[in-house]
Amino acid sequence: MPLPAGTRLGPYEVVAPLGAGGMGEVYRARDTRLGRDVAIKVLPQGFEADPDRIVRFEREAKLLASLNHPNVAVLYGVEHLDGMLCLVLELIEGESLAQRLQRGPLPMDEAFDVAAQVAAALEAAHEAGVVHRDLKPGNVMLRPDGVAKVLDFGLARGPLGATTPGVPPSLSQSPTMTSPATMPGMILGTAAYMSPEQAKGRVADRRADLWAWGCLLYELLTGRRAFPGEDVSETLASILKSEPDWAALPRDTPLRVRELLARCLRKDVRERLRDAGDARVLLTEARTHVEAPATSTPARAGVPWLVALGLLGLGIAATLGILQLWGPHDGSARAGILRLPFLPPDSVSVDDRASNFAVISPDGRNLLFAGRTPHGVRQLWLRPLDSMVAQPLAGTDGANEPFWSPDGRSIAFAADGKLKRLDLSGGQPKVLADAARMCGGTWSRSGVIVFSPDFSSVLDRVSADGGPTTLVARPDSTRGETGYRSPSFLPDGRHLLYRVDNTGGYPNYDWFVRRLDGNDTKRLIQGSPAALYAPPGWLLFARGGSMFAQRFDAAALRLSGEPLPIQIGAPIDQNFTNARFSTSQNGVLVAQIEPAYSFQLTWYDRAGKRLGLLGPEMQVHLAQSPSLSADRSHVVFQRQDPQTGIGDIWTIDVARGTLNRLTSDPTLDQLPLWAVDGRSVFENTRRNGVAGIYRISANGGDERFMAKGGWPTATTPDGRFLIFMKRGEKTRQDIWLLPLTGGGPARVVLATEFNDSQPQISPDGHWLAYASDETGSYEVYARPFSPETGVGDPVRISTGGGFAPRWRGDGRELFYVSAPISAADGRLMATSIKVDGARLEPGTPIPLFATHMMPDGFTPEFDVSADGQRFLVGTATRDPHATGVNLLLNWTELLR
């Protein structure tokens, strides 16, 4: 909240606000001790507790103090005033160059004089090892006596080639964001002065300042930006592929100045002017030499003829379709396609375990993504496309599945087992509904949110203002449907596009459309992990490792024409079930693809020390559900071919490390479980159109159908019963019991209104451990169990979230994975178990180590030795910066 006039900050009395930037709010204040007016810069509201920003703020003070130059604003001191960190600065009377340029270009002599002063300030900064990186008219003040002062070195880096200890490098690589009163940290404008290397997310040095200085000089002379654009897309496209309008320069502009501008605005950083001192000298010489007005054509005036010829060749190549990067070009930025890699701050690793982790705002201006800090905290970050600086959003720790409101003023996301709403104008998130492990959401213009609250779940709806949750649709298990997810509204706000996951077969997901208030449905796409409606009348979808767009009449719900391929610059893994797209109303497309994972079955001790691998390292896509046989001599697991997507069941001999394949059919065999005798394995698959649980020999073959639907998770110690989970017709995930001897049908053991899943039976056969979301997030519970009488009352085992329970061989300890809310990974937890007759007393959970696994929501992705001293974990690792995300601006041009 802005500080009102009269507010006292120690000895300083606030007089009036002066402005706001990405790193602080600036006020005019009166120093009551020395009787002078000063400028005070304070951290923006809500970021006082952010250590990275505080370090960055203090760094600005040190850098400013090191620059003693008449064209750089003077720093008086750093103060901690009333709980706020403040810079006390020289108050510069006058106006910014941005304000001055609103009245038109400067006279040539005045423009040269101001530009020379700015160059002198940059020269001094560069000699001190400081690069500004955010030079623009708004950061240059012009005093009434004509002295120019360069402001805001808050994003500078010094010394050159180094970073300040404790400061993430990314915080010093990119321009700031200025802020209107309605949304801290958000406004457009900086993009117009970005160098090409900054726009591409690359490291920027002093030559980026020379580029910005050239943009500034051009604007002083012409009154217009060197690289204009109506929006971010056009501005970035102009920077990367267009030349300034050299004809707009005054006719009497000296040729040397034209050449100087051309050297400063070379897109190839290797050909750009390198030294601000040279710029100052060249500009001074141009002013003192009498020259004839430049009469050459714009191309000849600013660009050497070889470069011009090269540009001409590129234009011809583009016209001929040889270079497909930009697409057709008719002289406007809007006509081209622009690809940009998504580059998060260097201190942040993107988190694609937070599905849908990068989504574009409806107006195409801002990118919302999930990332982890070096401390392992996952939160949401907001990055304007015209800036390489991203800001963390307070109150979003542990968030995943973010999506935007239609007006772009709010976001919704899942965290702590809840669906939450955050208004970007300020305030704390508001809880809207329970969402234990949300799998997608969408927000209509009428204020309705539809979301999938859990993995393999239903579709629910709730008001964007909160209130009761009501059911929209439930999977039909008789058709083999296992879950609905990833809903998105069509333009009318009355129809939903959503994914239906099925049991067995591959690919095992289709896309349907249905009325929000009805049961009529229509299948649009088969076998696609991702699909989305995109304006103005396209359906985007992935299939076979490629991305396509097909004409779609959203009113008639009808596809037409042939699917057209979209080359996004990298292949889409056809097996990645969480591939996502996000589009804006003005042609920005975010395509999220699958980064390469390396999967390993790894042994760990209780301290998390890696003891070794079991079997070979494998390139896979899904978590592998390892299950140890009762005698711990073999492991059965699911292995999915990364090329075909077909999942099969394999075993590994623990002693020898040899592999044996049990299934090889073209369906998805998954979630294997050893029978007690070690001679057979239970699995989930589809055979002859019937999806459910099957039993196969441990040597392969001899396959038998056991139960329709369901996922096997445990057997009783005597081998008489199979425990499995299955979605009920009117309930969510339930726990079932199937007799393995003596015959008899499967029957329900535990059915509540919640998701009760991942059941495990204690070694003595008397206790059932399972995970349930009855509190809104998953917790681990235990109940008395008997195949004859059922289950008793629950005892809560976990504290602060948990899933995937596993018993120790003697039943005196229960292991589970903590809910991965803000830690780097879910941690393996151990809880002692004391049984006294019919009573079970759990001990205090003790954290063991981070698992680095990708839990799939069905079964434990780890197993434990009989003595509880070793753990076999399916670990998945990848390059943390291999985001698999591409930003495409004006993407529809690729379809021409």
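Because the structure is a prediction, the values reported are computed rather than measured. (Residues numbered from 1 in each chain as written. Predicted model: local features only at pLDDT ≥ 70, side-chain atom pairs only at ≥ 80, totals over all residues. Heavy atoms only, no water.)

(A) Geometry of the sheet that holds strand β38 (residues 647–653). The strand order across the open sheet built from four strands is β36-β37-β38-β39, with neighbouring strands paired in antiparallel fashion. Each edge of the open sheet is held by one strand with a lone partner, namely β36 (627–628) and β39 (659–661). By the bridge criterion, three bridges tie β38 to β39 in an arrangement that is antiparallel. Within β39, the residue paired with W650 across the bridge is R661. (Pairing = 2+ DSSP bridges. Helix = DSSP H or I, 4+ residues; strand = E, 2+ residues; numbered from the N terminus.)

(B) View of the environment of I696. For I696, the position within the fold is in strand β42 (residues 690–697). Taking the C-alpha atoms as reference points, I696 and F682, separated by 14 residues in sequence, lie 6.5 Å from one another. If we skip the residues at most four places from it in the chain, I696 touches L662, T663, S680, V681, E683, G701, D702 and E703. (Contact = heavy atoms within 4.5 Å.)

(C) Examining the packing of aromatic side chains more closely. Inspection of the entire model under this criterion finds 13 aromatic pairs. Site record: aromatic cluster; members linked through ring pairs are Y604, F815, F849 and F871. The cationic tip of R437 hangs over the ring face of F803; the distance from NZ or CZ to the ring centre is 5.4 Å. Positioned over the ring face of Y509 is R499, at 4.7 Å from the centre of the ring. (Phe/Tyr/Trp six-rings, centres within 6.5 Å; stacked < 30°, edge-to-face > 60°. Lys NZ or Arg CZ within 6 Å of the ring centre and 35° of its normal.)

(D) Examining the confidence of the model for the protein more closely. Chain-level pLDDT for the protein is 80 on average; 77% of the residues reach the 70-or-more range. Across the protein, element-level confidence peaks in strand β21 (residues 448–451) with a mean pLDDT of 97 and bottoms out in helix α10 (residues 305–320) with 28. Ignoring residues within four places in sequence, the model shows residues 290–336, a span with pLDDT below 50, making 62 contacts including any to other chains. Within the model, the stretch residues 570–578 combines pLDDT values under 50 with 40 contacts to residues more than four positions away or in other chains. (pLDDT = per-residue confidence, 0-100.)

(E) How the structure looks around the packing of helix α3 (residues 108–127) against helix α5 (residues 206–222). Following both chains from N to C, one finds α3 and α5 inclined at 165°, their axes separated by 9 Å at the closest point. The orientation of α3 relative to α5 falls into the category roughly antiparallel. Crossing of α3 against α5: the hand is right-handed. Across from M108, A111, F112, V114, A115, V118, A119, L122 and H126 in α3, the residues of α5 making contact are R206, D209, L210, W213, L217, L220 and L221. Residues of the contact of α3 with α5, tallied by class, amount to 13 nonpolar, one polar and two charged. (Axes fitted to C-alpha atoms, helices over the stretch in contact; angles between N-to-C directions. Parallel < 35°, antiparallel > 145°, perpendicular 65-115°, else oblique. Left-handed = near helix turned anticlockwise from the far one by under 90°. Nonpolar A, V, L, I, M, F, W, Y, C, P; charged D, E, K, R; others polar.)

(F) A look at the pattern of salt bridges. With the rule as written, the count across this model stands at 39 salt bridges. Between D648 and R661 there is a salt bridge, with its nearest N and O atoms 2.4 Å apart. Remark: R661 occurs in strand β39 and D648 occurs in strand β38; sequence separation between them is 13 residues. Put simply, R28, R30, D37 and E93 are held in one network by salt bridges that share partners. (Salt bridge = Lys/Arg side-chain N within 4 Å of Asp/Glu carboxyl O.)

(G) Looking closely at the packing of α5 against helix α7 (residues 255–264). At a closest axis distance of 8 Å, the pairing of α5 and α7 adopts a crossing angle of 140°. Our classification of the angle between α5 and α7 gives oblique. In this structure, α5 crosses over α7, and the sense of that crossing is left-handed. Where α5 approaches α7, its residues L210, W211, W213, G214, L217, Y218 and L221 are matched on the opposing element by V257, L260, L261 and C264.

(H) Focus on the sheet that holds strand β24 (residues 481–489). The strand order across the open sheet built from four strands is β24-β25-β26-β27, with neighbouring strands paired in antiparallel fashion. The sheet terminates laterally at β24 and β27 (521–526), the two strands that pair on one side only. Here the strands of the sheet are splayed against their neighbours by 30° on average, with no regard to which way each runs. Pairing between β24 and strand β25 (residues 495–502): six bridges, direction antiparallel.

(I) The state of the cysteines, seen in detail. For the coordinates displayed, the defined rule picks out zero disulfides. Of the cysteine sulfurs around C215, a residue in no disulfide, the closest is that of C264, at 9.2 Å. Using a relative accessible area of 1% as the deciding quantity, one classes C215 as buried. Overall, C264 belongs to the buried group, its relative accessible area being 0%. (Disulfide = S-S within 2.5 Å. Buried < 20%, exposed > 50% of the residue type's maximum accessible area, 1.4 Å probe, protein only.)

(J) Local environment of unusual backbone geometry. In this structure, the amide linkage connecting P535 to the following residue, P536, adopts the cis form with an omega of 5°. You can see P536 is positioned in the loop between β28 (531–534) and β29 (538–543). In this model, R133 sits at a positive phi of 75°, which is unusual for a non-glycine residue. Mapped onto the fold, R133 is located in the loop between α3 and β8 (140–142).

(K) Summary view of the pairing of strand β50 (residues 779–786). Counting buried positions along β50 gives seven out of eight residues, so the element sits mostly inside the fold. Where strand β49 (residues 767–772) and β50 come together, six bridges link them in antiparallel fashion. Pairing of S772 across the sheet is with E779, part of β50. If you look at the hairpin formed by β49 and β50, you'll find six residues sitting between the two strands, and G776 has a positive phi there, around 105°. Sheet analysis places β50 next to strand β52 (residues 795–796), joined by two bridges and oriented antiparallel. For A782, the partnering residue across the bridge sits in β52 and is V795.

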